[in-house]
Amino acid sequence: MRHIEMTCKNHPNLFWSCKSIAVSKHGRYNGARHIFYNGERSDDSYKYVPECSCPGVDLIWTEEGRKAWRADRAADLRYDRARNRAIPKTI
Ligand SMILES: [Zn+2]
């Protein structure tokens, strides 16, 4: 499970993060876990600016968030395949 960087489609200077399970395959926040507000990006960090009041449905993944989500999904698929092979066959 990775943290996915999200932004607001109306305020692309603001950033949030949440676990990958809380992001749909279409890059939208689905409410499955908490989301954390980070603020505005400043160099390699974030600086606090007031959060916008847009609804959660306006939050979308950033390009970095999209890549992390896809990598996380690929890792889950590898894990599932490995786990399936580990299940002993019964006759
Ligand atoms: Zn907004």
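Everything numeric here is computed off the predicted structure, so don't read it as measured data. (Residues numbered from 1 in each chain as written. Predicted model: local features only at pLDDT ≥ 70, side-chain atom pairs only at ≥ 80, totals over all residues. Heavy atoms only, no water.)

Taken in spatial order, the five strands of this open sheet run β4-β3-β2-β1-β5, and their pairing is antiparallel. Here the strands that pair on one side only, and so sit at the sheet edges, are β4 (45-47) and β5 (59-61). Between one strand axis and the next, the sheet turns by 50° as a mean value, whatever way the strands run. (Pairing = 2+ DSSP bridges. Helix = DSSP H or I, 4+ residues; strand = E, 2+ residues; numbered from the N terminus. Axes fitted to C-alpha atoms, helices over the stretch in contact; angles between N-to-C directions.)

Another point: the coordination of the zinc ion. Donor atoms from the polypeptide that bind the zinc ion are Cys8 (SG), His11 (ND1), Cys52 (SG) and Cys54 (SG), placed at 2.1 to 2.4 Å. If you look at the zinc ion, its four donor atoms make angles of 102 to 120° with each other, and the shape they trace is tetrahedral. In the primary sequence, the donor residues of the zinc ion line up as C-x2-H-x40-C-x1-C. Placement of histidine 11 in the loop between β1 (3-8) and β2 (14-19) and of cysteine 54 in the loop between β4 and β5 is noted, with a sequence separation of 43 residues between them. (Donors = N, O, S within 2.8 Å, 3.2 Å for Na, K, Ca; no water. Tetrahedral: all angles 85-135°; square planar, octahedral: opposite > 155°, others 65-115°.)

As a further point, take the environment of histidine 34. Examined against the element boundaries, histidine 34 turns out to sit in the loop between β2 and β3 (35-42). By relative accessible area, histidine 34 is classed as exposed at 64%. Along the chain, histidine 34 and cysteine 18 lie 16 residues apart, while their C-alpha atoms are 6.4 Å from each other. When near neighbours in sequence (up to four residues on either side) are disregarded, histidine 34 contacts Cys18 and Tyr29. (Buried < 20%, exposed > 50% of the residue type's maximum accessible area, 1.4 Å probe, protein only. Contact = heavy atoms within 4.5 Å.)

None of the figures reported here should be taken as evidence of function without further support.
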